[in-house]
Protein chains: 2
Amino acid sequence: MSEKVKNETDAVDAIMAQWQREKPEFDLTAMEVLGRLKRASAMLSPKIEKVFLEFGLNQPEFDVLATLRRSGAPYCLAPTELFSTLMVTSGTMTNRMAQLEKKGLIERVPNPDDARSKLVKLSDKGFELIEAILPHHVQNGLSLIAGVDGGSLSDLNQSLKDLLTALGTSEAE
Amino acid sequence: MSEKVKNETDAVDAIMAQWQREKPEFDLTAMEVLGRLKRASAMLSPKIEKVFLEFGLNQPEFDVLATLRRSGAPYCLAPTELFSTLMVTSGTMTNRMAQLEKKGLIERVPNPDDARSKLVKLSDKGFELIEAILPHHVQNGLSLIAGVDGGSLSDLNQSLKDLLTALGTSEAE
DNA sequence: TAAATTTATCTTGACCTCAAGATAAATCAG
DNA sequence: CTGATTTATCTTGAGGTCAAGATAAATTTA
């Protein structure tokens with residue numbers, strides 16, 4: 001458990017030391033791990049988005065194209081499925097779709113089963129773009145975690161899975 | 001390392017299965033762990049902010065008050081120290097300070113050493129509010145991770161620390 | 001089948017954030 | 001000491017998100 005030999009301190013250690021001094025009566029175990037989780041996510045986000053920006057997409061736009069792409073042919077989903085998968089509101093999805101449609105990366109096609117919605121479909125241009133980005137995105141991810149040894153990474157993955165399971169998951173990338 | 005017996009699947013497993021089907025040639029190890037990290041953070045944020053909202057603060061406002069509080073008496077910092085600690089821009093900090101000042105939770109006092117800036121100081125009201133919130137915040141954090149067993153949590157904390165160290169940290173809560 | 005209800009999406013208004021440029025004080029060069 | 005540069009902060013304009021309300025189609029009920 002805590003038999004590792006690493007003595008390096010990160011920014012969260014400094015924060016915890018302050019809290020310990022000011023509020024010694026608090027059990028800080030949760031704040032520590034939750035603080036690290038938040039910080040890690042915050043630091044990684046711009047590094048991940050950087051690749052998308054080089055291809056003219058921001059993170060939200062990439063998320064939509066990636067969700068359509070991994071759904072498999074014909075790369076077509078209902079808006080409801082998209083925004084529930086992506087954990088955003090319907091209004092947010094409306095904006096994103098308008099943006100992507102203007103760029104010609106998706107198309108709205110009539111839903112034969114439900115006239116209240118139009119389906120969202122990856123255009124040829126959108127398909128080609130996401131295909132072009134994906135290898136770079138995957139490689140970028142590998143680079144970002146390259147400094148962490150395999151065992152620690154495997155621990156991290158399993159622990160996060162435990163946490164997500166405990167929370168009861170949902171959302172996408 | 002991977003000798004645990006848990007077979008539960010989370011949402012990221014489903015996403016990875018789609019990618020595996022569509023893009024079997026990709027090494028998805030990074031996407032998997034980064035996806036879980038992002039998702040865990042996204043799911044936790046509203047649950048953490050909920051406590052602050054009950055006290056009339058949002059997350060950004062809490063962050064400022066908490067940073068001042070843990071800095072210790074006299075609970076007074078320069079804007080630059082605040083926004084670099086909190087990893088936001090100076091303009092964002094300007095807005096937050098205006099908000100908190102309007103609520104009477106902070107005061108701007110002249111900086112004797114540098115007339116370009118005014119120091120930000122927790123007001124009595126601000127101090128009392130953060131003191132009132134903190135126990136609830138700490139308890140809430142403990143509740144949020146209650147479903148994860150101690151060993152997994154300890155692994156998670158250490159792995160995140162490894163990751164943050166590898167990334168080269170910065171920011172606050 | 002017509003009214004009531006539910007579902008799927010869009011619209012509106014407000015909030016938070018950032019990047020880039022503007023201001024003003026502090027510090028440095030000569 | 002004076003102009004040039006750096007530093008600290010604020011202002012402005014644009015983007016992304018959400019909550020709540022508005023629409024309109026689908027479904028249920030009588």
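Here's what I pulled together on the structure shown here.

Analysis parameters
Residues numbered from 1 in each chain as written. Chains lettered and ligands numbered in written order. Predicted model: local features only at pLDDT ≥ 70, side-chain atom pairs only at ≥ 80, totals over all residues. Heavy atoms only, no water. Helix = DSSP H or I, 4+ residues; strand = E, 2+ residues; numbered from the N terminus. Rg over C-alpha atoms; globule rule 2.2 N^0.38 Å. Buried < 20%, exposed > 50% of the residue type's maximum accessible area, 1.4 Å probe, protein only. Contact = heavy atoms within 4.5 Å. Pairing = 2+ DSSP bridges. Axes fitted to C-alpha atoms, helices over the stretch in contact; angles between N-to-C directions. Salt bridge = Lys/Arg side-chain N within 4 Å of Asp/Glu carboxyl O. Near = heavy atom within 4 Å. Polar contact = N/O pair within 3.5 Å; in protein donor to acceptor, adjacent residues only side chain to side chain. Nonpolar A, V, L, I, M, F, W, Y, C, P; charged D, E, K, R; others polar. Core = buried A, V, L, I, M, F, W, Y, C linked by side-chain atoms within 4.5 Å. Least-squares fit on C-alpha atoms with pLDDT ≥ 70 in both. Buried area = accessible area lost by both parts, 1.4 Å probe. Left-handed = near helix turned anticlockwise from the far one by under 90°.

### Here's the deal with the overall build of chain A
- Each helix and strand in chain A was counted, giving 7 helices and 3 strands.
- For chain A, the N- to C-terminal ordering of α and β elements is α-α-α-β-α-α-β-β-α-α.
- For 173 residues, the compact-globule estimate of 2.2 N^0.38 gives 16 Å, and chain A exceeds it by more than 25% at 20 Å.
- Considered along the principal axes of its C-alpha atoms, chain A spans approximately 60 × 30 × 25 Å.
- For chain A, with 173 residues in total, the buried portion stands at 49%.
- In chain A, once contacts between residues fewer than 6 apart in sequence are set aside, the share between residues at least 24 apart is 54%.

### Notes on the sheet that holds strand β2 (residues 106–110) of chain A
Residue and element names in this part refer to chain A.
- Strand order in this open sheet of 3 strands is β1-β3-β2, and the pairing throughout is antiparallel. Each edge of the open sheet is held by one strand with a lone partner, namely β1 (76–77) and β2.
- By the bridge criterion, 2 bridges tie β1 to strand β3 (residues 118–122) in an arrangement that is antiparallel. Its bridge partner lying in β3, L77 is registered against V120.
- Against the sheet, helix α5 (residues 90–102) touches β2 and β3, its axis set at about 110° to β2.

### Description of the pattern of salt bridges
- What the rule picks out here adds up to 24 salt bridges over all chains.
- Ionic pairing is found between A:R116 and A:D114, a salt bridge with its closest N-O pair at 2.7 Å.
- When its relative accessible area of 21% is taken as the criterion, A:D114 is described as partly exposed.
- For B:D13, the salt bridge is made with B:R36, and the minimal N-O distance between the two is 2.8 Å. With B:D13 in helix α1 (residues 11–22) and B:R36 in helix α2 (residues 29–54), this residue pair connects regions lying 23 residues apart in the sequence. This pair shows no difference in class: B:D13 is buried, exactly as B:R36 is.

### Thoughts on the protein's contact with DNA strand D
- DNA strand D sits among 22 residues. The nearest are A:N58, A:T92, A:R96, B:T80 and B:R116.
- For DNA strand D, the fraction of protein-proximal atoms (within 4 Å) that sit in sugar or phosphate groups is 77%.
- Between DNA strand D and the protein, one listed contact pairs a phosphate oxygen with a backbone N or O atom of A:T89 at 3.2 Å.

### Side note on the protein's contact with DNA strand C
- Taken together, 22 residues form the shell around DNA strand C, and within it A:T80, A:R116, B:N58, B:T92 and B:R96 come nearest.
- The separation between a phosphate oxygen of DNA strand C and a polar side-chain atom of A:S117 is 3.5 Å.
- A distance of 2.6 Å separates a phosphate oxygen of DNA strand C from a polar side-chain atom of B:N58.
- When contributions to the surface near DNA strand C are tallied by element, the ones reaching two or more residues are α4 (79–85) and α5 of chain A together with α5 (90–102) of chain B.
- Along the lines of polarity and charge, the residues of the surface near DNA strand C split into 6 nonpolar, 10 polar and 6 charged.

### What about the nonpolar core?
- Ranked by internal contacts, the top residues of the largest apolar core, which has 97 residues, are A:L65 and B:L65.
- Residues contacting B:L65, with those up to four places away along its chain left out, are B:L57, B:L100, B:L105, B:I106, B:L122, B:G126, B:L129 and B:I130.

### Some words on the relation of the copies chain B and chain A
- After a rotation of 180° and a shift along the axis of 0.0 Å, chain B superposes on chain A with an RMSD of 0.1 Å. Here the two chains are linked by the operation of a two-fold rotation axis. Of every C-alpha in chain B, the one belonging to B:L156 sits nearest the axis of rotation, 2.7 Å from it.
- Taken as a fraction of all interface residues of chain B, those also at the interface in chain A reach 99%, which identifies the copy contact as same-surface.

### Side note on the interface of chain B and chain A
- Contacts between chain B and chain A engage 78 residues on the former and 78 residues on the latter.
- Surface buried jointly by chain B and chain A totals about 7,500 Å² across both partners, of which 67% is contributed by carbon and sulfur atoms.
- If you look at where chain B meets chain A, you find 8 salt bridges.
- With a closest N to O distance of 2.5 Å, A:K23 and B:E131 form a salt bridge.
- Residue assignment for the side of chain B that touches chain A shows that the elements contributing at least two residues are α1, α2, α3 (59–70), α6 (124–144) and α7 (150–167) of chain B.

### Brief notes about the packing of helix α1 (residues 11–22) of chain A against helix α2 (residues 29–54) of chain A
Residue and element names in this part refer to chain A.
- Interaxial distance between α1 and α2 falls to 10 Å at its minimum, and their mutual angle equals 145°. The hand of the α1/α2 crossing is right-handed. Where α1 approaches α2, its residues A11, V12, D13, I15, M16 and W19 are matched on the opposing element by M31, E32, G35, R36 and R39.
- Looking at the contact of α1 with α2 residue by residue, the class counts come to 6 nonpolar, 1 polar and 4 charged.

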